[in-house]
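# Understanding the architecture of this molecule
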Amino acid sequence: MNASPPSLRVLIVGGYGIFGGRLAELLADEPRLTLIIAGRSLAKAEFFCASRPVRARLSPAQFDREQPVEPQLQALTPDIVVDASGPFQGYGKEPYRLIEATIACGADYFDFSDGAAFVRGVTSLDAAARQRGVTILSGVSSFPVLTAAVVRHLAGAFSRIETIRAGIAPSPHAIVGENVLKAIASYAGQAVPARRRGQALLVHPLTETCRFTIAPPGRMPLSNTLFSLVEVPDLLLLADLWPGVRSVWVGAGPRPEILHRCLIGLSLLVRGKILPSLRPLAGLFLWANRMLRWGPHRGGMFVEVVGSGHRGEPLTRSWHLTAEGDDGPYIPAMAIEALIRRRLDGIRPEPGARPATGALALADYDRVLAGRAFAHGTRDVTAEASLPLYPRVLGSAYRDLPPAIQALHRHEASHSVSGRASVERGKGLLSRLVGALVGFPEAGADVPVRVSFEIGRSQGSSQEIWRREFAGRRFRSVQTAGRGRSAGLIDERFGPFSFGLALLAEDGTLKLAVRNWRFLGLPLPRFLAPYGNSFESAEDGRFNFHVEIAHPLLGLIVRYKGWLVEDAPR
């Protein structure tokens, strides 16, 4: 007779809240689980359980951590306790009451804590956890579990790591939990320890900023994002794992940016002792988060490592992740999801109480990321800086393109290609006027085409001047690697206009998508930007192109498509 599959009872304290609810949804397809959705309100727990079709068994329960905890746990008999409530920075004089009761009941424990002191201090319970044979892991979330996993993934190329920088940019449409905002308000502008200049120094969250573009190779990047320092366990824990690290910086990039800047300004008032704390404003922050939301429904995360390679050379590597729509907010819950699924497979972490920095490898996330709208990948920033323009922007995705597309963009010296094309022009008067001013070709079939590429450098990076000739009619553009707000993009200039183009490597094609545009360097409204289906492909080993340029007000301006082959060297 076959043994029945293992089953687990998982108590999620705060199970109908933001983090607990998302964890329950991630695990809801697993019939071997009984998920006990618990909190102070039994009615809310019952509503949560009744409103979700699942294969796991959902069981509502009332749980009040302010009351004696151990009898409540004994009544519920969990195998695993997950604390998804918080804020962990405000657990008072007995912050580990729930963990101590969990150890006494013989259950494992995971939490979402983002409080550095709470996560580091859990090691005080290590001996008790080992004696009872249970696993206590704190901080099982994006920070520090995923960041530590990514640093380990990147670290193999380094002989010495000097700086670790990371950040998360939630979608502006993601709902942030009340307890998270209370935690942010409590530490904003206050002095907290972090690794700087090789030692633990005091820093002030939300008063230090940087900009970064999250750009997985060959996928749509996020817009260049403003990040501000946050208090997370990583600020010290990553230095514990890599003692040679001189600086650790972790930030959040909430949007819309104007609201983020307001929060930074208030935090500076706390740092300057003008305000004692932002905690009384937590309710206002919650209202703003739920009412003032606009922008693309996309989020992401990055981790960057700077140091020296094995030959002593300067080296920078980074990992990028983007998430579309409603999938992004599930990232913080995926670490606990992965641990619970591993437990069902018979894989259990070693007993003891510790921060969760070593709980998962980056490969462990593959299973929980699969089937959702995530894109992620690694960039060797130092190596890419010396590559030709397109390989530099595409990163590792360049190697996945067909050889004919790679061949066109791999040159480090000037060259030219020739072929044939068909051309279609817009019919409107203004459309034709714009086309004439740029120099776009007239309509025609089987038109001879020649494109010459002048390869050079501009401000330290690759520059390509494209000169196109269609049956004697010429127009040119200048392409460079985008900077600032256009970082991660190709910047293409036609006279006074410039366009930020994303390079998307998908199904053997290279697509180009307009992300921003400017006139004489001044940003123009995105909703008025030109658009069109433009891509490069290969057929029978030959390079093909399809370029379409249209405008929301003018309609089609030009569409041309055809093929090109390399000219013989002169």
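Read on for an overview of the structure. (Residues numbered from 1 in each chain as written. Predicted model: local features only at pLDDT ≥ 70, side-chain atom pairs only at ≥ 80, totals over all residues. Heavy atoms only, no water.)

## A closer look at the sheet that holds strand β10 (residues 209-212)
The seven strands are arranged β10-β11-β12-β7-β13-β14-β16 in an open sheet whose pairing can be described as mixed. At either margin of the open sheet sits one strand with a lone partner, and together these are β10 and β16 (374-380). Strand-to-strand, the axes of this sheet are offset by a mean angle of 25°, without reference to chain direction. In this structure, strand β11 (residues 225-229) lies alongside strand β12 (residues 247-252), joined through two bridges in antiparallel fashion. Opposite Leu 229, over in β12, you have Gly 251 as the bridge partner. Sitting on the sheet, helix α10 (residues 257-271) touches β10, β11 and β12, and the angle it makes with β11 is about 25°. (Pairing = 2+ DSSP bridges. Helix = DSSP H or I, 4+ residues; strand = E, 2+ residues; numbered from the N terminus. Axes fitted to C-alpha atoms, helices over the stretch in contact; angles between N-to-C directions. Contact = heavy atoms within 4.5 Å.)

## Topic: the packing of aromatic side chains
In the structure shown here, the tally under the stated rule is 19 aromatic pairs. Between Phe 497 and Trp 517 the ring centres are 6.1 Å apart and the planes differ by 15°, which places this aromatic pair in the stacked class. Here the residue Phe 497 occupies a position in strand β22 (residues 497-506), and Trp 517 occupies one in strand β23 (residues 509-519), the gap between them amounting to 20 residues. Judged by its relative accessible area of 11%, Trp 517 falls in the buried class. In this structure, Arg 372 packs its charged tip against the face of Tyr 330, placed 4.8 Å from the ring centre. (Phe/Tyr/Trp six-rings, centres within 6.5 Å; stacked < 30°, edge-to-face > 60°. Buried < 20%, exposed > 50% of the residue type's maximum accessible area, 1.4 Å probe, protein only. Lys NZ or Arg CZ within 6 Å of the ring centre and 35° of its normal.)

## Comments concerning the pattern of salt bridges
Oppositely charged side chains may form a pair once their charged atoms are brought near each other. Scanning the entire structure with this criterion turns up 33 salt bridges. Residue Asp 380 pairs with Arg 317 through a salt bridge whose shortest N-O separation is 2.5 Å. Of the two residues, Asp 380 is situated in strand β16 and Arg 317 in strand β14 (residues 314-324); the sequence distance between them amounts to 63 residues. We classify Asp 380 as partly exposed; its relative accessible area is 34%. (Salt bridge = Lys/Arg side-chain N within 4 Å of Asp/Glu carboxyl O.)

## A look at the pairing of strand β7 (residues 158-169)
Pairing of β7 with strand β13 (residues 298-309) involves 10 bridges; the strand directions are antiparallel. Of the residues in β13, the one forming a bridge with Thr 163 is Val 306. Pairing geometry for β7 and β12, over six bridges, is parallel. Pairing of Ala 166 across the sheet is with Val 250, part of β12.

## Focus: the side chain of Ser 141
Secondary-structure assignment places Ser 141 in the loop between β6 (135-138) and α7 (142-155). Since its relative accessible area comes to 10%, Ser 141 is described here as buried. Those residues in contact with Ser 141 that sit more than four places away from it in its chain are Phe 112, Leu 146, Pro 332, Ala 335 and Tyr 365.

## A word on the layout of surface pockets
Within this model, the second largest pocket holds a volume of roughly 1,100 Å³. Looking at the lining of the second largest pocket residue by residue, the classes come out as 33 nonpolar, six polar and six charged. (1 Å grid on protein atoms, 1.4 Å probe; cavity = no way out; pocket = protein on both sides within 12 Å on 5 of 7 lines; lining within 4 Å. Points joined across faces, edges and corners; volume = space filled by probe spheres on them. Nonpolar A, V, L, I, M, F, W, Y, C, P; charged D, E, K, R; others polar.)

## Observations regarding empty space enclosed by the protein
For the structure shown, the criterion picks out one cavity of 30 Å³ or more. Estimated volume of the largest cavity: approximately 50 Å³. Taken together, Ala 215, Pro 216, Gly 218, Arg 219, Pro 221, Arg 379, Val 393, Gly 488, Ala 502 and Leu 503 make up the full set of residues lining the largest cavity. Among the residues forming the lining of the largest cavity, the class breakdown is six nonpolar, two polar and two charged.

## Examining the sheet that holds strand β1 (residues 8-13)
Read from one edge of the open sheet, seven strands run β3-β2-β1-β4-β5-β6-β15, paired in parallel fashion. What marks the edges here is a single partner per strand, and that holds for β3 (57-62) and β15 (352-355). Here the strands of the sheet are splayed against their neighbours by 15° on average, with no regard to which way each runs. Sheet topology places strand β5 (residues 108-111) next to β6; two bridges connect them, and they run parallel. Each residue of the ladder has a partner; that of Phe 110, found in β6, is Leu 137. Against the sheet, helix α4 (residues 97-105) engages β1, β4 (80-83), β5 and β6, with an angle of about 155° to β5. Contacts between helix α12 (residues 331-344) and the sheet are confined to β1, β2 (33-39), β4, β5 and β6, with β5 contributing the most and set at about 160° to the helix.

## Quick word on unusual backbone geometry
Both trends apply: most residues other than glycine have a negative phi, and most peptide bonds are in trans. Backbone torsion omega between Phe 143 and Pro 144 reads 10°, so that peptide bond is classified as cis. Position of Pro 144 among the secondary structure elements: in helix α7. Of note in the backbone geometry, Arg 197 takes a positive phi value of approximately 50° without being a glycine. Along the chain, Arg 197 turns up in the loop between β8 (192-196) and β9 (199-203). Even without being glycine, Lys 273 reaches a positive phi, approximately 65°. With respect to the element layout, Lys 273 can be found in the loop between α10 and α11 (282-291). Residue classification places Lys 273 among the exposed residues on the basis of a relative accessible area of 73%.

## As for the environment of Arg 343
Mapped onto the secondary structure, Arg 343 falls in helix α12. Sequence separation between Arg 343 and Ile 80 is 263 residues; the distance between their C-alpha atoms is 10.0 Å. Every residue in contact with Arg 343, bar those within four places of it in the chain, is listed here: Leu 8, Asp 79, Ile 80, Asp 108 and Arg 348.

## Quick look at the pairing of strand β26 (residues 542-551)
Most of β26 is tucked away, with nine of its 10 residues classed as buried. Here five bridges tie strand β25 (residues 534-539) to β26, and the two strands are oriented antiparallel to one another. Pairing of Ser 537 across the sheet is with Asn 544, part of β26. Counting the residues in the hairpin turn of β25 and β26 gives two residues, including Asp 540, whose phi is positive at 55°. In this sheet, strand β27 (residues 555-566) lies alongside β26 in antiparallel orientation, the contact comprising nine bridges.

## A closer look at the packing of helix α1 (residues 18-27) against α12
Packing of α1 against α12 leaves a shortest axis separation of 9 Å and a crossing angle of 45°. Taken together, the axes of α1 and α12 lie oblique to each other. The two elements α1 and α12 meet at a crossing, and its hand is right-handed. Two secondary-structure elements touch here, α1 through Phe 19, Arg 22, Leu 23, Leu 26 and Leu 27 and α12 through Pro 332, Ala 333, Met 334, Ile 336, Glu 337, Ile 340 and Arg 341. Here the residues of the contact of α1 with α12 are counted per class, giving nine nonpolar, no polar and three charged. (Parallel < 35°, antiparallel > 145°, perpendicular 65-115°, else oblique. Left-handed = near helix turned anticlockwise from the far one by under 90°.)

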